[in-house]
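# A look at the structure
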Amino acid sequence: MLWLKFNTVGALGAGVQAAALWLLMKVFRVHYLIATPIAVEAAILHNFAWHFHWTFNNQRWTFADQGSVRMDFTNVAPLLLETAAGSAHSAGSNLARALSPSRKIC
């Protein structure tokens, strides 16, 4: 039964990630490099909540287990900033190459 619960949560988490990515990119027009870590984080939080309340609900959770959730939240902002900085740098490099005088336009 535990195996079935664990895999059900995992499958639903994959759906949450796909739905969040679609929603962010298609509806809110968020760049895919920003939308992807947000969607991954949504799936991580979804899976944690369901595992906590359903899959492993008969096990005792310690303060250290709950600390992993706080750690996850504190790592989201730097990840998003790093991703945004990387995409801005990449876009700037592509723009610089496109505007380079060495490119011949025929």
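Here the structure is shown first, and the text comes after it.
Structure report, in brief. (Residues numbered from 1 in each chain as written. Predicted model: local features only at pLDDT ≥ 70, side-chain atom pairs only at ≥ 80, totals over all residues. Heavy atoms only, no water.)

## Quick look at the overall build of the protein
A tally of regular secondary structure across the protein gives three helices and zero strands. Start at the N end of the protein and walk to the C end: the helices and strands fall as α-α-α. Looking at the 106 residues of the protein, the share that counts as buried comes to 19%. Pairs at least 24 residues apart make up 63% of the contacts formed inside the protein by residues separated by at least 6 positions. (Helix = DSSP H or I, 4+ residues; strand = E, 2+ residues; numbered from the N terminus. Buried < 20%, exposed > 50% of the residue type's maximum accessible area, 1.4 Å probe, protein only. Contact = heavy atoms within 4.5 Å.)

## Things to note about the packing of helix H1 (residues 2–27) against helix H2 (residues 32–55)
In the contact formed by H1 and H2, the axes pass within 8 Å of each other and the chain directions differ by 150°. When the axis of H1 is compared with that of H2, the two are roughly antiparallel. Handedness of the H1/H2 crossing: right-handed. Considered class by class, the residues forming the contact of H1 with H2 number 18 nonpolar, nine polar and one charged. (Axes fitted to C-alpha atoms, helices over the stretch in contact; angles between N-to-C directions. Parallel < 35°, antiparallel > 145°, perpendicular 65-115°, else oblique. Left-handed = near helix turned anticlockwise from the far one by under 90°. Nonpolar A, V, L, I, M, F, W, Y, C, P; charged D, E, K, R; others polar.)

## Focus: the packing of aromatic side chains
One pass over the structure, following the stated rule, counts three aromatic pairs. Taking 6.1 Å as the distance between ring centres and 20° as the angle between the ring planes, the aromatic pair formed by Phe48 and Phe52 counts as stacked. Taken as a pair, Phe48 and Phe52 lie in helix H2 at a separation of four residues, close to a single helical turn. According to the relative accessible area criterion, Phe52 is partly exposed, its value standing at 25%. (Phe/Tyr/Trp six-rings, centres within 6.5 Å; stacked < 30°, edge-to-face > 60°.)

## Let's talk about a nonpolar patch on the surface
There is a patch of nonpolar side chains on the surface, built from Trp22, Leu23, Val27 and Phe28 and spanning about 430 Å² of accessible area. Tracing the sequence through the fold places Val27 in helix H1. (Patch = residues over 30% accessible without salt bridge, like charges linked within 9 Å, V, L, I, M, F, W, Y side chains within 5 Å. Areas by Shrake-Rupley, 256 points an atom, 1.4 Å probe, with all protein chains shown as cover. Salt bridge = Lys/Arg side-chain N within 4 Å of Asp/Glu carboxyl O.)

## Remarks on the side chain of Lys5
As for its position among the elements, Lys5 is in helix H1. A distance of 3.3 Å separates a polar side-chain atom of Lys5 from the backbone oxygen of Trp54. Leave out the neighbours within four places in its chain, and Lys5 touches Trp54 and Thr55. (Polar contact = N/O pair within 3.5 Å; in protein donor to acceptor, adjacent residues only side chain to side chain.)

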